[in-house]
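Structural description and commentary
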Amino acid sequence: MKNHYEVLIVGGGTGGIMTAAQLLRQNKSLNIGLIDPSDAHYYQPAWTLVGAGTFNFQNTRREMSSVIPDGCQWIQEEVVSLEPHSNQLTTKSSGAITYDILVLSPGVVNKLDDLEGLKEALDTDFVCSNYVDPEKTWRILKNFKGGNALFTQPATPIKCGGAPQKIMYLAEDYLRKTGLRDKSNVIFATPGSVIFGVEDFALTLNKIIDEKNILLKTFYKPIKIDSSEKKVYFEFSNPNADIQSLKLNSEINESFSGNNQIVMPYEMLHTAPPQSPPQFILDSDLVNETGWLDVDIHTLKHNSFENIFGLGDVAALPTAKTGAAIRKQAPVVVDQILNKLKSKTIKHESYNGYSSCPIVTGYGKMVLAEFEYNNVRKSDPIISTFLDTSKESWLLWILKKYGLPFLYWNMMLKGRM
Ligand SMILES: Cc1cc2nc3c(=O)[nH]c(=O)nc-3n(C[C@H](O)[C@H](O)[C@H](O)COP(=O)(O)OP(=O)(O)OC[C@H]3O[C@@H](n4cnc5c(N)ncnc54)[C@H](O)[C@@H]3O)c2cc1C
């Protein structure tokens, strides 16, 4: 292991590997180090399907050594602090490493302690999360015998903000297939005001929610789980309405608690934990006032340090945190770096917030929500020639289940797209 790299990348997830692979494709002689303590790299988008029993978890995992591109030095270490003023960072066991250019893509972490009772609840046989253990979600779904199947969303930004509702649609479909739907209430509770931020997709999803008799609860911010009583406590987060104006549903046994809370019992609960950047990012000089990595939203260059770039879930970008977004971010970062190292002039100057959310709405059905900054719809020109991606489609499901995993392992991680 060297102690200086021309380009030093933190994180061997989607952002880190794609950046390293694309850089080396353009310039084999670059001296690149990539730091990541993990033995494995996961294709997380398929965890939704794992939770619904239609994808093998083992197929979402590859050895980290197998995805690190040839010519890139893997440093199997954990970064504990960043010292941007001296162009160095510190790792847990090997100490300081210096760099000319630093790329940060360490993703986000689940903050189980930030929702009271969540940690204990996840130890029970009724509470699960595709963000923590998607195989457990499938076990719980199979064991569910009826009652309230409750799906929640936290108030923090999370990776793939659509994932909490995707597993809800799949679970609903599963209950239909297994004859349990009449005995169950499927409830989606979100602190947000709408089911989806882009109107065309919200229209489709609201229609599906109506047709399937799913109970959508907006402005429901989870604040506590009491797993001994199997209840979730919510704060009513609508600043423009009084909680007393809410009409509670008696069939799901929700009730008021105190002056500003709602309590809902569950027989099965799927949660998305609150999430944040890893601690070494939070502790650094590189974050904005909300704690996210402070990069320019178009160039992805750090707003105070010319030789630092950030991409992926950790970056303070006002768009959805997805692997699909990273596919458009990585070429921008790569061009900026090559330009800085004088091996290329800039081509992909600007990232416009592209992100996409493949919303599976049942087994064999999917809507493909694609958009840019300000929730402006932006469709892939090739796919949208053949179909309207805001409508449910079997072809899109095939893309999600087979096409995208193939493209991910064989093209994206190899720097080919
Ligand atoms: C349930 C679920 C469903 C999803 N569905 C979709 C989907 O349908 N479509 C889509 O495009 N995206 C989806 N995503 C989101 C997608 O997986 C992420 O946006 C993407 O993986 C983010 O890439 P990243 O490089 O920012 O972080 P990650 O891929 O999470 O990688 C971060 C890496 O940084 C490393 N790291 C962390 N801390 C340190 C440290 N201190 N030192 C060194 N290394 C460190 C970690 O070990 C990890 O390998 C989904 C995610 C989940 C969980």
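Residues numbered from 1 in each chain as written. Predicted model: local features only at pLDDT ≥ 70, side-chain atom pairs only at ≥ 80, totals over all residues.

1. Notes on the overall build of the chain
What the chain contains, in helices and strands, is eleven helices and 23 strands. Against the compact-globule benchmark of 22 Å for 417 residues, the chain has a radius of gyration of 22 Å, which places it among compact chains. With the principal axes as the frame, the chain shows a C-alpha extent of 65 × 50 × 40 Å. In the chain, which comprises 417 residues, the share counted as buried stands at 48%. Considering only intrachain contacts with a sequence separation of at least 6, the fraction spanning at least 24 residues in the chain is 66%. (Helix = DSSP H or I, 4+ residues; strand = E, 2+ residues; numbered from the N terminus. Rg over C-alpha atoms; globule rule 2.2 N^0.38 Å. Buried ≥ 20, exposed ≤ 12 C-beta atoms within 10 Å, placed from the backbone. Contact = placed C-beta atoms within 7 Å.)

2. What about the domain arrangement of the chain?
According to the domain assignment, the chain contains domain 1 (4–108 + 277–348 + 403–412) and domain 2 (116–274). The gap between the C-alpha centroids of domain 1 and domain 2 is 32 Å. At the junction of the two partners, domain 1 supplies twelve residues and domain 2 supplies 15 residues. Taken together, the residues of the side of domain 1 that touches domain 2 sort by class into six nonpolar, four polar and two charged. (Domains from an automatic or database assignment. Nonpolar A, V, L, I, M, F, W, Y, C, P; charged D, E, K, R; others polar.)

3. Considering the site of the ligand
Around the ligand, the surrounding shell holds 36 residues, and the nearest of these are Gly11, Gly13, Gly15, Gly107 and Gly312. Secondary-structure elements contributing two or more residues to the shell around the ligand are helix H1 (14–26), helix H2 (47–51) and helix H9 (323–340). Each residue belonging to the shell around the ligand can be placed in one class, and the counts come to 16 nonpolar, 15 polar and five charged. Built from parts of two domains, the shell around the ligand gets at least three residues from each of domain 1 (4–108 + 277–348 + 403–412) and domain 2 (116–274). (Near = placed C-beta within 6 Å.)

4. As for the environment of lysine 414
As for its position among the elements, lysine 414 is in the segment after helix H11 (394–412). On a C-alpha basis, the gap between lysine 414 and lysine 142 in space is 37 Å, while along the polypeptide they are 272 residues apart.

5. Section: the sheet that holds strand S21 (residues 355–362)
Reading across from one edge, S21-S22-S23 is the order of the three strands in this open sheet, with antiparallel pairing throughout. In this open sheet, the two strands that pair with only one neighbour each are S21 and strand S23 (376–377). Bridge count between strand S22 (residues 365–372) and S23: two bridges; the pairing is antiparallel. In the sheet register, glutamate 372 faces S23, and the bridge partner there is valine 376. (Pairing = 2+ DSSP bridges.)

6. Points about unusual backbone geometry
Positive phi is not limited to glycine here, since asparagine 87 has a value of about 50°. Secondary-structure assignment places asparagine 87 in the loop between strand S6 (79–83) and strand S7 (88–91). Look at asparagine 87 and you get partly exposed, because 17 C-beta atoms sit within 10 Å. Even without glycine at this site, asparagine 253 takes up a positive phi of about 60°.

7. Side note on helix H7 (residues 199–211)
In a regular helix each residue adds 1.5 Å, so 13 residues correspond to 18 Å; H7 covers 18 Å between its end C-alpha atoms and thus fits that length. Listed as buried for H7 are Phe201, Thr204, Leu205, Ile208 and Ile209. For H7, the angular spread of buried residues about the axis comes to 135°, placing them on one side. In H7, those exposed residues whose orientation departs by more than 90 degrees from the buried face are Glu199, Lys207, Asp210 and Glu211. (Expected span 1.5 Å × (residues − 1). Arc of directions from axis to C-beta.)

8. Quick look at the sheet that holds strand S12 (residues 184–190)
Here five strands make up an open sheet; going across it, the order is S10-S18-S11-S12-S13 and the pairing parallel. Of all strands in the sheet, those with a lone pairing partner are strand S10 (127–128) and strand S13 (215–218), marking the two edges. Sheet analysis places strand S11 (residues 147–152) next to strand S18 (residues 268–270), joined by three bridges and oriented parallel. Its bridge partner being in S18, leucine 150 is matched across the sheet by leucine 269.

9. A look at the pairing of S13
Strand direction decides the pairing type here: S12 and S13, joined by four bridges, are parallel. The partner of phenylalanine 188 across the bridge, within S13, is leucine 216.

10. Observations concerning the environment of tyrosine 402
Counting through the fold element by element, tyrosine 402 comes out in helix H11. Once the C-alpha coordinates of tyrosine 402 and phenylalanine 151 are considered, the two residues, 251 residues apart in sequence, prove to be 26 Å apart.

11. Let's talk about helix H5 (residues 134–143)
For H5, the full list of buried residues reads Pro134, Thr137, Trp138, Ile140 and Leu141. One side of H5 holds all its buried residues, which, seen down the axis, span an arc of 165°. Seen from the open side of H5, the exposed residues pointing more than 90 degrees away from its buried face are Lys142 and Asn143. On its buried face, H5 is in contact with H2, S10, helix H6 (163–177) and S18.

12. Quick look at the packing of H1 against H9
A pair of packed helices is characterised by two quantities: the angle between their axes and the separation of those axes. Put simply, H1 and H9 touch, their axes get as near as 9 Å, and they point 40° apart. On the basis of the axis angle, H1 is oblique to H9. Once H1 is placed against H9, the crossing between them reads as right-handed. Across the interface between the two elements, Thr14, Gly15, Met18, Thr19, Gln22, Leu23 and Gln26 of H1 pack against Gly323, Ile326, Ala330, Pro331, Val333, Val334, Ile337 and Leu338 of H9. (Axes fitted to C-alpha atoms, helices over the stretch in contact; angles between N-to-C directions. Parallel < 35°, antiparallel > 145°, perpendicular 65-115°, else oblique. Left-handed = near helix turned anticlockwise from the far one by under 90°.)

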